[in-house]
Amino acid sequence: MAEQNLTETPAENARVFELAAELFGVLATPMRLRILSALCDKEKSVSQLLAEIDTTQPNLSQHLNLLYRSGVLAKRKEGTQVIYRVQSEKAVNLCRTVCTQIAIEMDEPGAIPPSERLSPRLGA
């Protein structure tokens, strides 16, 4: 964890953790991670996303709306289509880093010391 900024008050410190937990909550479902993965290279319409992600249109729309309201995604209208794109590159990079590390741990569970694993269950 980063060193504490000495100029921050305890209340400011608490707010940092609250906002971090809020972001992790937004990113805490496999469906939202799939959506971010599908959008990380280019913007896509809802119908394009449905072709890539196995879910229903109402479920996809619910997750897209939450990601949009949280500021992770942006959207625009093109005729009758709604096009989504990544708004927060840092949030996507965070997800990519974590998912890549877990994929490595799944592929080579014995090669990574327990102290360096993100997912301790994989080494068990």
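Here the residue index of a chain counts from 1 through its sequence in written order. This being a predicted model, a pLDDT of at least 70 is required before a residue's local features are given, and a value of 80 or more before pairs of side-chain atoms are given or counted; all residues contribute to the totals for chains, interfaces and linings. As a rule here, side-chain values come from all non-hydrogen atoms in the structure, and water together with hydrogens is ignored.

Caption draft 1: Highlighting the overall build of the chain. Helix and strand counts for the chain come out as five helices and three strands. In sequence order, the chain lays out its α and β elements as α-α-β-α-α-β-β-α. Taking 14 Å as the expected radius of gyration for a compact globule of 124 residues, we find that the chain reaches 17 Å, considerably beyond that expectation. Referenced to the eigenvectors of the C-alpha coordinate spread, the extents of the chain come out at roughly 50 × 40 × 20 Å. Taking all contacts inside the chain whose residues are at least 6 apart in sequence as the whole, residues at least 24 apart take part in 40%. Surface accessibility of the chain: about 8500 Å² in total, with carbon and sulfur atoms responsible for 55%. Taken together, the 14 basic and 15 acidic charged side chains of the chain have centroids lying 9 Å from each other. Runs of H or I in DSSP of at least four residues are treated as helices and runs of E of at least two as strands, each being numbered from the N terminus. The size measure is the radius of gyration over C-alpha atoms, and the globule rule it meets is 2.2 Å times the number of residues to the 0.38 power. Contacts between residues were defined by any pair of non-hydrogen atoms, one from each residue, lying within 4.5 Å. Note that accessible areas follow from Shrake-Rupley with a 1.4 Å probe, and for residues the cover is restricted to the protein chains shown. Charge counting follows a simple rule: Lys and Arg are positive, Asp and Glu are negative, and His as well as the terminal groups are ignored. Where a charge lies is defined by one atom per residue type: Lys uses NZ, Arg uses CZ, Asp uses CG and Glu uses CD.

Caption draft 2: Spotlight on the pattern of salt bridges. Take a side-chain nitrogen of Lys or Arg and a carboxyl oxygen of Asp or Glu: if they are within 4 Å of each other, that pair is a salt bridge. The tally for this structure, following the rule as stated, stands at four salt bridges. The residue Lys44 makes a salt bridge to Glu52 at a minimum N-O spacing of 2.5 Å. As a salt-bridge pair, Glu78 and Arg76 come within 2.8 Å of each other at their nearest N and O atoms. Think of it in three bands: with a 1.4 Å probe and only protein chains considered, a residue is buried below 20% of the maximum accessible area for its type, exposed above 50%, and partly exposed in between. Since its relative accessible area comes to 46%, Glu78 is described here as partly exposed. Looking at Arg76, the relative accessible area reads 30%, which means it is partly exposed.

Caption draft 3: Local environment of the pairing of strand β3 (residues 81–86). Between any two strands, pairing holds if DSSP finds at least two bridges. Where strand β1 (residues 44–45) lies against β3, two bridges are found, and the strand directions are antiparallel. The residue of β3 that forms the bridge with Lys44 is Tyr84. Relative to β3, strand β2 (residues 73–78) runs antiparallel, the two sharing six bridges. Among the inter-strand pairings, Leu73 is bridged to a residue of β3, identified as Val86. Between β2 and β3, which follow one another and run antiparallel, lie two residues, and Gly79 among them has a positive phi close to 65 degrees.

Caption draft 4: How the structure looks around the nonpolar core. Among the nonpolar cores identified, the biggest contains 20 residues, and Ile35, Leu64 and Leu73 are the most heavily contacted of them. Counting only elements with at least two residues in this core, the list comes to α2 (30–39), α3 (46–52), α4 (57–69), β3 and α5 (89–107). Top element by residues in this core is α2. It accounts for five residues. Aside from chain neighbours lying at most four places away, what touches Leu73 is Ile35, Leu36, Leu39, Leu64, Leu67, Tyr68, Tyr84, Arg85, Val86 and Gln87. Working definition of a nonpolar core: buried Ala, Val, Leu, Ile, Met, Phe, Trp, Tyr and Cys residues. They are joined through side-chain atoms within 4.5 Å.

Caption draft 5: Spatial organisation of α2. Listed as buried for α2 are Met31, Arg32, Ile35, Leu36, Ala38 and Leu39. Buried positions in α2, seen along its axis, are confined to an arc of 160 degrees and lie on one side of it. This arc is built from the directions going out from the helix axis to the C-beta atoms.

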